[in-house]
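# Survey of secondary and tertiary structure
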Amino acid sequence: MLYAISGTDAPGSLDGRRQARTAHLARVSALRDAGRLILAGPHPAIDSTEPGDLGFSGSLIVAEFSSLDEAIAWAHADPYVVAGVWNLVSIKPFIQVMP
């Protein structure tokens, strides 16, 4: 089943995000390489693809997991959680209707 993982950035976490980004992207890339990733990306803090020092307000990942428990465990082990970048994480089942 698909699950939507929504991480909300903690205030002032841009430096932590930058430091944890490589490890975070490696985990997301592993989902992609396994054919389990639907989409992933950050939410800019402003209406721009280049928010600069204003940073990001969070991220969204939609991927396939065998269960909600697996999705929760995967999300809670993410480098952004471990580094304190995401201070709130929501994991919900997701049904892709389009495309």
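Before going into details, it helps to say that this report is about the structure given with it. Just so we're clear, the structure is a prediction, and the values are computed from it rather than from any experiment.

### Things to note about the pairing of strand 3 (residues 56–64)
With 7 bridges joining them, strand 1 (residues 2–9) and strand 3 adopt antiparallel strand pairing. Across the sheet, residue Tyr 3 finds its bridge partner in strand 3, namely Ala 63. By the bridge criterion, 7 bridges tie strand 2 (residues 37–44) to strand 3 in an arrangement that is antiparallel. Residue Leu 39 lies in a different strand from strand 3, and its bridge partner there is Val 62.

### Details of helix 2 (residues 68–76)
Residues Ala 71, Trp 74 and Ala 75 constitute the buried set of helix 2. The arc that holds the buried residues of helix 2, viewed along the axis, is 95°, so those residues lie on one side. Against the buried residues of helix 2 lie strand 1, helix 1 (14–33), strand 3, helix 3 (79–82) and strand 4 (86–94).

### Observations concerning the side chain of Asp 9
Within the secondary structure, Asp 9 is located in strand 1. Here the side chain of Asp 9 touches Arg 17 through a polar contact of 2.9 Å, side chain to side chain. A polar contact of 3.5 Å, which involves the side chain of Asp 9, links it to the side chain of Trp 86.

### Overview of the environment of Ala 73
Relative to the elements of secondary structure, Ala 73 occurs in helix 2. For Ala 73, a relative accessible area of 47% corresponds to the partly exposed category. Here the alpha-carbon distance between Ala 73 and Trp 86, two residues 13 residues apart in the chain, equals 15 Å.

Here is what the cut-offs are and how they apply
- Along each chain, the written sequence defines residue order, and numbers are assigned to residues from 1.
- Only residues with pLDDT of 70 or above have their local features reported here, since the model is predicted, and side-chain atom pairs are shown and tallied only from 80 upward, although totals for entire chains, interfaces and linings are computed over all residues.
- Excluding hydrogens and water, the side-chain values take into account all heavy atoms of the structure.
- For two strands to count as paired, DSSP must find a minimum of two bridges between them.
- The secondary structure listing takes helices from DSSP runs of H or I that are at least 4 residues long and strands from runs of E that are at least 2 residues long, numbered from the N terminus.
- The cut-offs for exposure are 20% and 50% of the maximum accessible area for each residue type, with area from a 1.4 Å probe on protein chains only; residues under the lower value are buried, those over the upper are exposed, and the others partly exposed.
- Think of the arc as the fan of directions from the helix axis to the C-beta atoms.
- The criterion used for residue contact is that any of the two residues' heavy atoms lie within 4.5 Å.
- Here a polar contact is recorded for every N or O atom pair within 3.5 Å, except that within protein the pair must consist of a potential hydrogen donor and a potential acceptor, and residues adjacent in sequence are included only if both atoms are side-chain atoms.

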